[in-house]
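# Geometric and topological summary
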Amino acid sequence: QVQLVESGGGLVQAGGSLRLSCAGSGRTFSNYAMGWFRQAPGKEREFVAAIDRSGGSTYYEDSVKGRFTISRDNAQKAVYLQMNSLKPEDTAVYYCAADRSVFPPLGPDEYDYWGQGTQVTVSS
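Residues numbered from 1 in each chain as written. Predicted model: local features only at pLDDT ≥ 70, side-chain atom pairs only at ≥ 80, totals over all residues. Heavy atoms only, no water.

## Quick look at the packing of aromatic side chains
In the structure shown here, the tally under the stated rule is six aromatic pairs. Ring centres of F37 and Y111 lie 5.2 Å apart, and the angle between their planes is 75°; on these two criteria the pair is classed as edge-to-face. In this pair, F37 is assigned in strand β4 (residues 33–39) and Y111 in the loop between β9 (92–99) and β10 (113–114), connecting sequence segments 74 residues apart. In this structure, F37 and Y111 share a single accessibility class: buried. Ring-pair connections join several aromatic residues into one group, and the members of that group are F37, F47, Y95, Y111 and W114. Positioned above the aromatic ring of W114, the side-chain terminus of R45 is 4.7 Å from the ring centre. (Phe/Tyr/Trp six-rings, centres within 6.5 Å; stacked < 30°, edge-to-face > 60°. Helix = DSSP H or I, 4+ residues; strand = E, 2+ residues; numbered from the N terminus. Buried < 20%, exposed > 50% of the residue type's maximum accessible area, 1.4 Å probe, protein only. Lys NZ or Arg CZ within 6 Å of the ring centre and 35° of its normal.)

## A closer look at the state of the cysteines
Such a bond, covalent and formed between the sulfur atoms of two cysteines, is termed a disulfide. The tally for this structure, following the rule as stated, stands at one disulfide. C22 shares a disulfide with C96; S-S distance 1.9 Å. Given an S-S torsion of about 50°, the disulfide between C22 and C96 has right-handed geometry. Note that C22 is positioned in strand β3 (residues 18–24) and C96 in strand β9, a separation of 74 residues in sequence. As far as the burial class goes, C22 and C96 line up, both buried. (Disulfide = S-S within 2.5 Å.)

## Structural notes on the pairing of strand β5 (residues 46–51)
Burial within β5 is extensive, with five of its six residues counted as buried. By the bridge criterion, five bridges tie β4 to β5 in an arrangement that is antiparallel. Looking at β5, one finds that G35 is bridged to A50. With antiparallel pairing between neighbouring strands as the criterion, β4 and β5 make up a hairpin whose turn holds six residues, including G42 at a positive phi of roughly 75°. Summarising the sheet, β5 and strand β6 (residues 58–60) pair through three bridges and their orientation is antiparallel. (Pairing = 2+ DSSP bridges.)

## Here we look at the sheet that holds strand β7 (residues 68–73)
Strands belonging to one sheet form pairs held by backbone hydrogen bonds; the direction of such a pair is parallel or antiparallel. Pairing is antiparallel across the open sheet formed by four strands, whose spatial order is β1-β3-β8-β7. Pairing within the sheet leaves two strands with one partner each, and these edge strands are β1 (4–7) and β7. On average, each strand axis in the sheet is inclined to that of its neighbour by 15°, with strand direction left out of account. Here β3 pairs with strand β8 (residues 78–83) via six bridges, running antiparallel. Considered in β8, the bridge of L18 is made with M83. (Axes fitted to C-alpha atoms, helices over the stretch in contact; angles between N-to-C directions.)

## Re the pattern of salt bridges
For side chains bearing opposite charge, pairing can occur when the charged atoms are close. The full count for this structure, using the stated rule, is four salt bridges. Across the pair E46 and R38 runs a salt bridge, and its minimum N-O distance is 2.6 Å. A relative accessible area of 33% means that E46 is categorised as partly exposed. Taking the relative accessible area as the measure of exposure, R38 reaches 6% and is therefore buried. Put simply, D90 and R67 hold a salt bridge, and the shortest N to O gap is 2.8 Å. Here the residue D90 occupies a position in the loop between β8 and β9, and R67 occupies one in the loop between β6 and β7, the gap between them amounting to 23 residues. (Salt bridge = Lys/Arg side-chain N within 4 Å of Asp/Glu carboxyl O.)

Below is the structure:
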């Protein structure tokens, strides 16, 4: 089992940057593929980025490619989401999630564990 706690959200102007962190607990953090999702008011939770267990493979939703970077540090039991060139449409609650699959799923229903979320607000 793993527990996840996100941090790093906040209010930023369009074009700015934020770095989200997700701290994991448990001895087997490296056994989990990790994903970042977001949910805006009135919308469904959507995939943002994912990374495999080793950090060797990453996956991105088309609208964030080239702007967001997912990474992980298994020794620190953490996963990160560097967000650059932020846009107002990036405003949402961002969640990290963990799954035991070798390759990370892209659908939220397939993840086993979730953090509580962190709010990201991008002003125009």
